[in-house]
Structure formats: structure tokens, C-alpha cells
Amino acid sequence: MLPGMVYLVGAGPGDPELLTLRAAKLLAEAEVIVHDHLVSAPILEMCHGGAQLIYAGKERGNHALDQTDLNQLLVRLAREGKRVIRLKGGDPFIFGRGGEEVEALAAAGIAFEVVPGITAACGVAAYAGIPLTHRDHANSCLFVAGHLKDGSIDLDWDFLARPGRTLVVYMGLLGLPTLCRELVAHGVPETTPAAIVQHGTTQSQRTVAGTLATLPQLAQAARLAPPTLIIIGGVVRLHTRLAWYESLAAAAARD
Ligand code: SAH
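If you're wondering where the values come from, they're calculated on a predicted model, not measured in any experiment.

Rules used throughout
- Residues numbered from 1 in each chain as written.
- Predicted model: local features only at pLDDT ≥ 70, side-chain atom pairs only at ≥ 80, totals over all residues.
- Heavy atoms only, no water.
- Domains from an automatic or database assignment.
- Contact = heavy atoms within 4.5 Å.
- Buried area = accessible area lost by both parts, 1.4 Å probe.
- Salt bridge = Lys/Arg side-chain N within 4 Å of Asp/Glu carboxyl O.
- Nonpolar A, V, L, I, M, F, W, Y, C, P; charged D, E, K, R; others polar.
- Pairing = 2+ DSSP bridges.
- Helix = DSSP H or I, 4+ residues; strand = E, 2+ residues; numbered from the N terminus.
- Axes fitted to C-alpha atoms, helices over the stretch in contact; angles between N-to-C directions.
- Near = heavy atom within 4 Å.
- Polar contact = N/O pair within 3.5 Å; in protein donor to acceptor, adjacent residues only side chain to side chain.
- Areas by Shrake-Rupley, 256 points an atom, 1.4 Å probe, with all protein chains shown as cover.
- Parallel < 35°, antiparallel > 145°, perpendicular 65-115°, else oblique.
- 1 Å grid on protein atoms, 1.4 Å probe; cavity = no way out; pocket = protein on both sides within 12 Å on 5 of 7 lines; lining within 4 Å.
- Points joined across faces, edges and corners; volume = space filled by probe spheres on them.
- Left-handed = near helix turned anticlockwise from the far one by under 90°.

1. Observations concerning the domain arrangement of the protein
Part 1 of the argument: One can read the domain layout of the protein as domain 1 (5–115) and domain 2 (120–249).
Part 2 of the argument: Centre-to-centre, using C-alpha coordinates, domain 1 lies 28 Å away from domain 2.
Part 3 of the argument: Contacts between domain 1 and domain 2 engage eight residues on the former and 14 residues on the latter.
Part 4 of the argument: Both faces considered, domain 1 and domain 2 share a buried interface measuring about 860 Å² in area, 72% of it formed by carbon and sulfur atoms.
Part 5 of the argument: Our count for the contact surface shared by domain 1 and domain 2 stands at zero salt bridges.
Part 6 of the argument: Here the residues of the side of domain 1 that touches domain 2 sort into five nonpolar, one polar and two charged.

Below you can see the structure in the form of C-alpha cells.
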């Protein structure tokens, strides 16, 4: 029996056209695909017709498999000689726990390959018309996780609050009021532009833009559904002029 192998593949933020050539080729040949809820339906439709699809969950509050079971599943399938695609939203090494999965594979002596994907920050910012490091507004960009733990977010607020930064917050929808409040409490002007983008790069993309003072209420009124990405900083101002994707969608809806 040939030894199995695991391909840890980034599926990008949603639009199937944003897959890498490597990812598309592997999906077309796949035998077993273990995927997350973030992988969009059109991407799953590109998988080889005979491939076995295994859903690994990871929605908030709905983990079909816990991380240890998932790691063991990958190891077991590879030991059965399978070529396994572990398909994750965005990039596998950005907030995807892909690092833990390849650590488990390495520990078990299983061969693996990592195929990068377009992370939500890059894909969503591009489609929302927000150039993350436009030099008139920012000199750095930070990707942070904004999930709530016991009602608070574990971040170094003084560090995040320094000027010239663009902040991109993953998993921040529930924590949005806390996030905005903490930044203002740590000295960021409440007039700082901020936006939240739902389902970026897909047909249900919607951007709600405001400031640190107004965004929590605007987002609540808009009843956004996850996944959403939050972008904070002067660069968000450019969205009004550069929102090419939502403008095209609105024009197509009028035709
Ligand atoms: N590995 C992924 C991130 C996994 S964490 C990546 O590189 O993109 C999951 C978070 O990613 C979501 O809570 C959301 O904040 C963000 N996200 C992923 N896809 C998104 C999309 N299409 N639109 C908005 N946010 C998205």
C-alpha cells in the first residue's frame, strides 16, 4: 500500500476564483476531503465527483469534531493510504488551527503539504475597496482574533491603540461593542473609521461602515450574519470611493 499524505489546503475567503491553481488541481483529483463550514458551496462543487466529503465543523458553538478527534482522523485516513485534502477557509495558517494539525501529522510521521490560500483580511479588504496599508493612512497592519472569552477580549490594547495602524479583526462580530469600547478607552479617537464586512468576496457581501463610536449600533441594526471581518483605521475611509465589488453587484441588480 502506498503511504498516505495530507494536503492542508487554503480555500480562500469564498469566491472560488480566488483558489490557487494548486488548490484547484488537488480538489479535482481528491479522494477524501475534510472541510470546515467556512468553505463555500461553489468550492465544494469543484471537488472530484467520487471524493468522500467529511464535514469537520468549527462554527461557533457547533464543533462537529473537536480538534483532537480531527487530528486523529487525519492521521488515520493517511495511515489507510489515502490522499487526504484538509480544506480550510482562507489561509490554513491564519487563525485556522492548521498549525496544530500539521504538528499532529509531523508527530505521527505522516507526510504533508501546505497550500496557502488568500486569507480573509486580504480577500475581503480587496473586495471591499479598503487598501490595508495605503501609505496616506497606515504604516502597518495587524491581524487579531476578536472572540470573546468570559465576556472580554484578550488583546494588548495599548499596543493596538498606537497611531498609524490598520487593525483587522477576525471572529469579532459578538465582541464588536467591547472591541470599539476598549480601543477608545485606550486612546484611539472615537471618530476613527471602522467597517464590518459580511461574507466578503461572495454574492452576499455587505459592508457596514462607520466609526468606533457608531459601528456597534450600525452593525446590530444591519443584522449581519457570520463570517464577518472588522477593519479599523484611516484606510476604511477609502471604502466609499473604492467599493468596486459592491458597486458592480448593485449595477447588475439594476439591469
Ligand atoms: N483561516 C481563515 C480564518 C479562520 S477564522 C482565513 O485565513 O481567512 C474565521 C474568521 O475568518 C471568521 O470569523 C471571520 O472573521 C473571518 N472570515 C473568513 N472568511 C470570511 C469572509 N468571507 N468574510 C468575512 N470574514 C471572513
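2. Focus: the sheet that holds strand E10 (residues 228–232)
Part 1 of the argument: On the basis of which strands lie adjacent, the open sheet formed by five strands has the order E6-E7-E10-E8-E9 and mixed pairing. What marks the edges here is a single partner per strand, and that holds for strand E6 (140–145) and strand E9 (206–211). When strand polarity is set aside, the average angle formed by the axes of neighbouring strands in this sheet is 20°.
Part 2 of the argument: Sheet topology note: the strand E8 (residues 193–198)/E9 ladder contains six bridges and is antiparallel. Along E9, the bridge assignment pairs alanine 194 with glycine 210.
Part 3 of the argument: In the packing of helix H5 (residues 120–128) onto the sheet, the strands contacted are E6, strand E7 (165–170), E8, E9 and E10, and the crossing angle to E10 comes to about 75°.
Part 4 of the argument: Contacting E7, E8 and E10, helix H7 (residues 176–185) runs over the sheet at an angle of about 10° to E10.

3. Structural notes on the sheet that holds strand E5 (residues 111–115)
The strands making up a sheet associate through backbone hydrogen bonding, with each pair oriented either parallel or antiparallel.
Part 1 of the argument: The five strands lie next to each other as E3-E2-E4-E1-E5, forming an open sheet whose pairing is parallel. Two strands lie at the open edges of the sheet, namely strand E3 (52–55) and E5, each paired on one side alone. Each strand axis lies, on average, 20° off the axis of its neighbour in the sheet, ignoring direction.
Part 2 of the argument: Strand direction decides the pairing type here: strand E2 (residues 32–35) and strand E4 (residues 83–88), joined by four bridges, are parallel.

4. Topic: the site of the ligand
Part 1 of the argument: Taken together, 18 residues sit near the ligand, with Pro13, Ile94, Thr119, Ala120 and Thr228 positioned nearest.
Part 2 of the argument: One of the backbone nitrogen or oxygen atoms of glycine 89 is found 3.0 Å away from a nitrogen atom of the ligand.
Part 3 of the argument: A distance of 2.7 Å is found between a nitrogen atom of the ligand and a backbone nitrogen or oxygen belonging to isoleucine 94.
Part 4 of the argument: Relative to its free-state accessible area of 540 Å², the ligand is covered by the protein chains to the extent of 91%.
Part 5 of the argument: Elements represented by at least two residues in the shell around the ligand include exactly H5 and E10.
Part 6 of the argument: For the shell around the ligand, the residue count by class is eleven nonpolar, six polar and one charged.
Part 7 of the argument: In terms of domain composition, the shell around the ligand takes at least three residues from each of domain 1 (5–115) and domain 2 (120–249).

5. Some thoughts on the packing of H7 against helix H8 (residues 215–222)
Part 1 of the argument: Here H7 crosses H8 at 170°, and the two axes come no closer than 9 Å. With respect to H8, the element H7 is oriented roughly antiparallel. For the pair H7 and H8, contact is made by Leu176, Pro177 and Cys180 and by Leu215, Pro216 and Ala219, respectively.
Part 2 of the argument: Among the residues forming the contact of H7 with H8, the class breakdown is six nonpolar, no polar and no charged.

6. Regarding the layout of surface pockets
Part 1 of the argument: There is about 260 Å³ of room inside the second largest pocket.
Part 2 of the argument: Residues belonging to the lining of the second largest pocket are distributed by class as follows: nine nonpolar, six polar and three charged.

7. Re the packing of helix H3 (residues 67–79) against helix H4 (residues 98–107)
Part 1 of the argument: Across the interface, H3 lies against H4 with an axial gap of 9 Å and an inter-helix angle of 45°. By the angle between their axes, H3 is oblique relative to H4. Along this stretch, H3 crosses H4, giving a crossing that reads as right-handed. Taking contact as the criterion, the partners of Gln67, Leu70, Asn71, Leu74 and Val75 in H3 are, on H4, Glu100, Glu101, Ala104 and Leu105.

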